[in-house]
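# Examination of the molecular architecture
Residue strings, one per chain:
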Amino acid sequence: MSYHLETKCVQGGYTPGNGEPRQIPIVQSTTFKYATSEDMGKLFDLEASGYFYTRLQNPTNDFVAAKIAELEGGTAAMLTSSGQAANFFALFNIASCGDHIVSSSSIYGGTFNLISVTMAKMGVDVTFVSPDASEEELEKAFRPNTKCVFGETIANPALTVLDIERFAAAAHAHGVPLIVDNTFATPVNCRPFEWGADIVTHSTTKYMDGHGAAVGGAIVDSGAFDWMAHAEKFPGLCTPDESYHGITYAEKFGREGAFITKCTAQLMRDFGSTQSPQNAFYLNLGLESLHVRMARHCENGQAVAEFLAGHPKVASVSYCGLPGDKYYDIARKYLPNGSCGVVSFELRGGREAAAAFMKELKLAAIETHVADARTCCLNPATSTHRQMTDEQLLQAGIPAGLVRMSCGLESARDLIADIAQALDAVR
Ligand SMILES: *Cc1c(COP(=O)(O)O)cnc(C)c1O
């Protein structure tokens, strides 16, 4: 039986049998016991499924990953220790030394650094394209050694919205998958697989956990991409893995399972960025209310954006739920039920005005975090981007007076009253 998304949030991934725990149990064990060497040997050969060491797999993590796979409409998923690990593994699973990635330029700073600096050192080249790139610009970015296209549904912090269908079509025309980081939208507001994306990643640290409690990440496979049809591009999936008993993942596990099995058996084994079962348990508590919380985050984001848009001390507001926003139309297509609770706005008066405004806020705390129950804000010019001059900031599309506000689950009236009194205090 197929349930609606709300039901999957609450009960997906785990169905206890008679007398078993109602809540997902935390299997706090590094290792698992077997009676014979033959039994264990089958696990190592991937002949039988089961657990032997938590660095590779753990039942708690697998229950929670299965829930996320259901929410996204995918065939397989895995948890990672962080969103950074999720994006690294998703990319490195198919792109290694000598390969090339096409990525949207409007992505999370940590991911931008991962791709442009750290993966470059590993021999992976990248071409960044604007999320608004024309067909020709997008087409020009591809090379014979391109292995995937990457973008974010709603980019952090720029709040651009990716035209998933268009990016998927371009990727598929070149025989490569589209990987979408769906952190800000969550599967409640957008399921990228329905628009042609092949792999989805998450920083579960954000809305999925939703309480600022646990850092984590997830990778989900749609099961739709035909690796074998492009076998020459993906030798890691389509030729025997000598480090794993000569298994050819795409043959043995098919479209549905190859990507996640390789990522677990090979990359988790070697890099070991697994999520702790305790954190997976916290993540699941967040997932149980994700559908309820996202609606409120969006409601509060919309109310705050509308208030800011009408305020004389505010130069501009970015929020795709505002008519007139550059991404309003595309958001109506991909995010018909709302986008997220993060609103960016520029104060008149630059970084001094932003600092004065934020100092006066009572409810919104100054944090580098976003996307949890408590409202928080950040002025990139005086924090994450403080090494940049005003001129460099403008070039990067981040005006000195920009404030990123992540609207939590408080009363929108209280949030607006707090913002109003803080704006009043700015001269
Ligand atoms: C925060 C974030 C990440 C990185 O996730 P961590 O859990 O902090 O490692 C990646 N992508 C997006 C869109 C994010 O917001």
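Residues numbered from 1 in each chain as written. Predicted model: local features only at pLDDT ≥ 70, side-chain atom pairs only at ≥ 80, totals over all residues. Heavy atoms only, no water.

For the chain, the name recorded in an unreviewed UniProt entry is O-acetylhomoserine aminocarboxypropyltransferase/cysteine synthase, with Oscillibacter hominis as its organism. Of the comments in the UniProt record for the chain, the one headed Cofactor (unreviewed entry) reads "pyridoxal 5'-phosphate". (UniProt positions renumbered as here; feature names shortened; annotations may be inferred.)

Time to look at the packing of aromatic side chains. What the rule picks out here adds up to 17 aromatic pairs. Between Phe184 and Tyr207 the ring centres are 6.4 Å apart and the planes differ by 70°, which places this aromatic pair in the edge-to-face class. Placement of the pair is Phe184 in the loop between strand S5 (178–181) and helix H8 (186–189) and Tyr207 in the loop between strand S6 (199–203) and strand S7 (217–221), with a sequence separation of 23 residues. According to the relative accessible area criterion, Phe184 is buried, its value standing at 2%. Of the residues examined, Tyr207 reaches a relative accessible area of 0% and is grouped as buried. Connected via pairs of aromatic rings, a cluster forms that spans Phe88, Phe89, Phe92 and Phe271. Geometry around Tyr108 places Lys206 over its ring, the cationic atom sitting 5.0 Å from the centre. (Phe/Tyr/Trp six-rings, centres within 6.5 Å; stacked < 30°, edge-to-face > 60°. Helix = DSSP H or I, 4+ residues; strand = E, 2+ residues; numbered from the N terminus. Buried < 20%, exposed > 50% of the residue type's maximum accessible area, 1.4 Å probe, protein only. Lys NZ or Arg CZ within 6 Å of the ring centre and 35° of its normal.)

In the vicinity of the ligand lie 15 residues, with Asn156, Asp181, Ser203, Thr205 and Lys206 positioned nearest. Within the backbone of Gln84, one N or O atom sits 2.9 Å away from an oxygen atom of the ligand. A distance of 2.7 Å separates a nitrogen atom of the ligand from a polar side-chain atom of Asp181. Relative to its free-state accessible area of 380 Å², the ligand is covered by the protein chains to the extent of 93%. Ranked by residues supplied to the shell around the ligand, first place goes to helix H4 (residues 83–92) with three residues. (Near = heavy atom within 4 Å. Polar contact = N/O pair within 3.5 Å; in protein donor to acceptor, adjacent residues only side chain to side chain. Areas by Shrake-Rupley, 256 points an atom, 1.4 Å probe, with all protein chains shown as cover.)

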